[in-house]
Amino acid sequence: MLQIIIYRLVCKVGSILAVLVAAVVDIVIGMVINNIPSVTLPFTYIFLLCPVVLVWYIVGELGSIIENAGLMGAPVPSFLQKMIVAFKNTVDYAGNKIIDNNK
């Protein structure tokens, strides 16, 4: 039981660390883009990577919460179940495509 708790804690800390790294990378990219005189973008770069990472984790956690609620017997609307399956299939397909391209 303790191993499961430690594993889940490490996963959560890893998620927080990934968001922090994305924020730092965003800051560095912004500094580089804003301080190179030959680079002009049609927009002001503030943040891009960090919000994407945050949305990714939020969607993943919401899907996990809904899935676990369904496994515990809570009534989950069928459209949410279909969305979770579609999301998982899309992620699996994209991951398999990346792996197959690297071989």
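Structure: above.
What you see is a predicted model, and the numbers here were worked out from it, not measured in a lab. (Residues numbered from 1 in each chain as written. Predicted model: local features only at pLDDT ≥ 70, side-chain atom pairs only at ≥ 80, totals over all residues. Heavy atoms only, no water.)

Colleague: Run through the overall build of the chain, naming residues and quoting values.
Modeller: Helices and strands together make up the secondary structure of the chain, namely three helices and zero strands. Ordered by position in the sequence, the α and β elements of the chain form the string α-α-α. By the compact-globule yardstick of 13 Å for 103 residues, the chain is too spread out, its C-alpha radius of gyration being 19 Å. If you line up the chain on its principal axes, its C-alpha atoms span 60 × 35 × 35 Å. Sequence-distant contacts, at least 24 apart, represent 46% of the contacts inside the chain between residues at least 6 apart. Working note: accessible area of the chain is about 8,600 Å², and carbon and sulfur atoms make up 74% of it. For the chain, the distance from the average position of its 6 positive side-chain charges to the average position of its 5 negative side-chain charges is 6 Å. (Helix = DSSP H or I, 4+ residues; strand = E, 2+ residues; numbered from the N terminus. Rg over C-alpha atoms; globule rule 2.2 N^0.38 Å. Contact = heavy atoms within 4.5 Å. Areas by Shrake-Rupley, 256 points an atom, 1.4 Å probe, with all protein chains shown as cover. Lys, Arg positive; Asp, Glu negative; His and termini not counted. Charge placed at Lys NZ, Arg CZ, Asp CG, Glu CD.)

Colleague: Outline the side chain of aspartate 26, listing residues and values.
Modeller: Mapped onto the elements, aspartate 26 comes out in helix H1 (residues 2–35). For the buried aspartate 26, no salt bridge is present, and the opposite-charge side chain at shortest range is lysine 12, 21 Å distant. (Buried < 20%, exposed > 50% of the residue type's maximum accessible area, 1.4 Å probe, protein only. Salt bridge = Lys/Arg side-chain N within 4 Å of Asp/Glu carboxyl O.)

Colleague: Can you tell me about the packing of H1 against helix H2 (residues 49–71), naming the residues and giving the values?
Modeller: Packing of H1 against H2 brings their axes to within 7 Å, and their N-to-C directions diverge by 160°. In terms of their interaxial angle, H1 and H2 are classed as roughly antiparallel. In contact with Lys12, Ser15, Ala18, Val19, Ala22, Ala23, Val25 and Asp26 of H1, H2 contributes Leu49, Cys50, Pro51, Val53, Leu54, Tyr57 and Glu61. The residue makeup of the contact of H1 with H2, split by class, is 11 nonpolar, one polar and three charged. (Axes fitted to C-alpha atoms, helices over the stretch in contact; angles between N-to-C directions. Parallel < 35°, antiparallel > 145°, perpendicular 65-115°, else oblique. Nonpolar A, V, L, I, M, F, W, Y, C, P; charged D, E, K, R; others polar.)

Colleague: Kindly report on the packing of aromatic side chains, identifying the contributing residues and their values.
Modeller: A full pass over the atoms with the stated rule returns one aromatic pair. Look at tryptophan 56 and phenylalanine 87: their rings are 6.0 Å apart centre to centre, the planes differ by 50°, and that puts the pair in the tilted class. Separated by 31 residues along the polypeptide, tryptophan 56 in helix H2 and phenylalanine 87 in helix H3 (residues 78–102) bring together distant segments of the chain. The exposure class assigned to phenylalanine 87 is partly exposed, which follows from its relative accessible area of 35%. (Phe/Tyr/Trp six-rings, centres within 6.5 Å; stacked < 30°, edge-to-face > 60°.)

Colleague: Can you tell me about the pattern of salt bridges, naming the residues and giving the values?
Modeller: Oppositely charged side chains are able to pair whenever their charged atoms sit close together. Inspection of every chain in the model, using the stated rule, returns one salt bridge. With its nearest N and O atoms 3.0 Å apart, the salt bridge here joins glutamate 61 to lysine 12. Placement of glutamate 61 in helix H2 and of lysine 12 in helix H1 is noted, with a sequence separation of 49 residues between them.

Colleague: So what's going on with the environment of glycine 63? Residues and values would help.
Modeller: Here glycine 63 lies in helix H2. Under the relative-accessibility criterion, glycine 63 is labelled buried at 17%.

Colleague: A description of a nonpolar patch on the surface should follow, citing residues and the corresponding values.
Modeller: A cluster of nonpolar side chains, Val24, Val28, Val32, Ile36, Val39, Leu41 and Phe43, forms an exposed patch at the surface whose accessible area comes to about 550 Å². Note on placement: leucine 41 falls in the loop between H1 and H2. (Patch = residues over 30% accessible without salt bridge, like charges linked within 9 Å, V, L, I, M, F, W, Y side chains within 5 Å.)

Colleague: Provide a residue-level description of the environment of isoleucine 99, including the pertinent values.
Modeller: Its place among the elements puts isoleucine 99 in helix H3. Overall, the relative accessible area of 48% leaves isoleucine 99 in the partly exposed class. Between the C-alpha atoms of isoleucine 99 and tyrosine 57, which are 42 residues apart in sequence, the distance is 21 Å.

Colleague: Explain H2 to me, using residue names and the numbers behind them.
Modeller: Taking 1.5 Å per residue, 23 residues should reach 33 Å; H2 reaches 33 Å between its end C-alpha atoms and fits that length. Of all the positions in H2, only Cys50, Val53 and Gly63 are classed as buried. Taken from the residues just after H2, glycine 73 is the one with a positive phi, measuring 105°. (Expected span 1.5 Å × (residues − 1).)

Read these as geometric descriptors, not functional statements.
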